[in-house]
Amino acid sequence: MTREPSNSGDNKISVAFCCLGNICRSPMAEAVLRHATSEMNLSHLINEIDSFGTSGFHSGDGPDRRTVQICRANGVPVNHVSRQVQLSDFDRFDYIFAMDRENLEDLNYMQPRGSKSKIMLFGAYCEDAKMDKIISDPYYGGPDGFQSSFRQLDHFSRTFLKRLAAGTA
Ligand code: 4NP
C-alpha cells in the first residue's frame, strides 16, 4: 500500500532531491530547503533533508565549487557528499523531488512497486508564470546557470514549505 505524505500530528516528513551527478543542483536544493525551513520556523514539519544522483559519476565528491559559491553568496550553508540513489531511498523519503524530466523518468522507472515515496518535479511548486519549472543542468555552462538554479530552488522551496504548513503540499 502506498502511504500518502502527511504533515498531520507529529508526523514529520522526509524530503530528498535528485539530479544527475549530485554535485550541482540537488546539493544546492538540499541546502536551500534546509535554510528556508529554518528561516520560516518550520523545522517541526521536516525530519530529514537529503540528496542523491541518478548516476554515481561523482560518488564521494563534495559539491561543485560553483554551487558552493552561489550558496555562500546567499548565506546558505552547503555540505554534502555525493551518492547515487538506492532502492531503500524509495521507502525512506516521503517526497523525492526531481530537477528535470530525465531525473523524473529515471526515478519513476527505478521506483519499487508499493514503496512510499511521492516522486515529483520540484518545479510543481512554481507559482511564478515567468519562471521555468525545469531546473536545467548547469554543469557545462557558466555561472548564470547556477544563479538561475538558485533562484528557482529558493522559490520552489518557499512555495513547498508554505503549502506543507497549510496541509496542501
Ligand atoms: P548535477 O550536474 O546533475 O546538477 O549534479 C551534473 C554534474 C556532473 C555531470 C553532469 C551533471 N557529469 O556529467 O559529470
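Scroll up a little and you will see the structure.
Residue numbering note: each chain is counted from 1, following its sequence as written. Reporting of local features is limited, given that this is a predicted model, to residues whose pLDDT is at least 70; pairs of side-chain atoms are given and counted only at 80 or more, and all residues count toward the totals for whole chains, interfaces and linings. Water and hydrogen atoms play no part in the side-chain values, which are based on all heavy atoms of the structure.

Caption draft 1: Layout of the site of the ligand. Summary of the distance rule: residues count as near a molecule or strand when at least one heavy atom falls within 4 Å of that molecule or strand. By nearness alone, every residue bordering the ligand is listed as Cys19, Leu20, Gly21, Asn22, Ile23, Cys24, Arg25, Phe57, His58, Asp137, Tyr139 and Tyr140. Measuring from an oxygen atom of the ligand, one finds a backbone N or O atom of Cys24 at 2.9 Å. Any pair of N or O atoms that falls within 3.5 Å is considered a polar contact. Within protein, one atom must be able to donate a hydrogen and the other to accept it, and sequence-neighbouring residues count only if both atoms are side-chain atoms. Within the side chain of Asp137, an N or O atom sits 3.3 Å from an oxygen atom of the ligand. Residues are called lining when one of their atoms sits within 4 Å of a cavity or pocket point, these points coming from a 1 Å grid over the protein atoms alone, where a cavity is a set in which a 1.4 Å probe fits but cannot get out and a pocket is an open set with protein on both sides within 12 Å along at least five of seven lines. Occupancy of a cavity or pocket is assigned to a molecule whenever over half of its atoms lie within 2 Å of that pocket's grid points. More than half of the atoms belonging to the ligand lie within 2 Å of the grid points that define the largest pocket. The residue inventory of the shell around the ligand, partitioned by class, reads 7 nonpolar, 3 polar and 2 charged. Classification used: nonpolar for Ala, Val, Leu, Ile, Met, Phe, Trp, Tyr, Cys and Pro, charged for Asp, Glu, Lys and Arg, polar for all others including Gly.

Caption draft 2: A negative patch on the surface, seen in detail. Candidate patch residues must exceed 30% relative accessible area and have no salt bridge, after which like charges are joined if within 9 Å and Val, Leu, Ile, Met, Phe, Trp or Tyr side chains if within 5 Å. Areas reported here follow the Shrake-Rupley algorithm with a probe of radius 1.4 Å; residue values treat only the protein chains shown as occluding. Whenever Lys or Arg places a side-chain nitrogen within 4 Å of a carboxyl oxygen from Asp or Glu, that contact is recorded as a salt bridge. Two residue types count as positive, namely Lys and Arg, and two as negative, namely Asp and Glu; His and chain ends fall outside the count. The atom standing in for a charge is NZ when the residue is Lys, CZ when it is Arg, CG when it is Asp and CD when it is Glu. Negative charge collects at one region of the surface, where Glu102, Glu105, Asp106 and Asp137 lie side by side. Note on conventions: DSSP H or I runs of at least 4 residues are helices, E runs of at least 2 residues are strands, and numbering of each starts at the N terminus. Along the polypeptide, Glu102 turns up in helix α4 (residues 101-110). Since its relative accessible area comes to 52%, Glu102 is described here as exposed. Between buried and exposed lies partly exposed: a residue is buried under 20% and exposed over 50% of the maximum accessible area for its type, with that area taken using a 1.4 Å probe on protein chains only.

Caption draft 3: Expanded view of the packing of aromatic side chains. Pairing of aromatic rings covers Phe, Tyr and the six-membered ring of Trp, with a centre-to-centre limit of 6.5 Å; geometry is then stacked below 30 degrees between planes, edge-to-face above 60, and tilted otherwise. Counted under the stated rule, the structure contains 13 aromatic pairs. Ring geometry for Phe97 versus Tyr125: centroids 5.7 Å apart, planes at 80°, classification edge-to-face. Of this pair, Phe97 sits in strand β3 (residues 95-98) while Tyr125 sits in the loop between β4 (118-121) and α5 (143-166), and the two are 28 residues apart along the sequence. Classification of Phe97 by relative accessible area gives buried; the value is 0%. Seen in terms of ring centroids, Phe122 and Phe156 are 5.8 Å apart; in terms of plane orientation they differ by 90°. Their pairing is edge-to-face. Here Phe122, found in the loop between β4 and α5, pairs with Phe156, found in helix α5; they are 34 residues apart in sequence, far enough to count as distant. Linked through ring pairs, Phe17, Tyr95, Phe97, Phe122, Tyr125, Phe156 and Phe160 together constitute an aromatic cluster.

Caption draft 4: Representation of the side chain of Arg25 within the structure. Structurally, Arg25 can be placed in helix α1 (residues 25-39). A relative accessible area of 2% means that Arg25 is categorised as buried. Side-chain polar atoms of Arg25 contact the side chain of Asp100, separated by 3.0 Å. Residue contacts are defined here by distance: any two heavy atoms, one from each residue, within 4.5 Å place the two residues in contact. Arg25 has contacts with Cys19, Leu20, Met99, Asp100, Asn103, Ile135, Ser136, Asp137, Pro138, Ser149 and Leu153, leaving out every residue within four places of it along the chain.

Caption draft 5: Spatial organisation of the side chain of Gln152. Considering the arrangement of structural elements, one finds Gln152 in helix α5. What makes Gln152 buried here is its relative accessible area of 8%. A distance of 2.9 Å separates a polar side-chain atom of Gln152 from the backbone oxygen of Ile134. Not counting residues up to four positions away in its chain, the partners in contact with Gln152 are Met131, Asp132, Lys133, Ile134 and Ile135.

Don't take any of this as a statement about function, it's just geometry.
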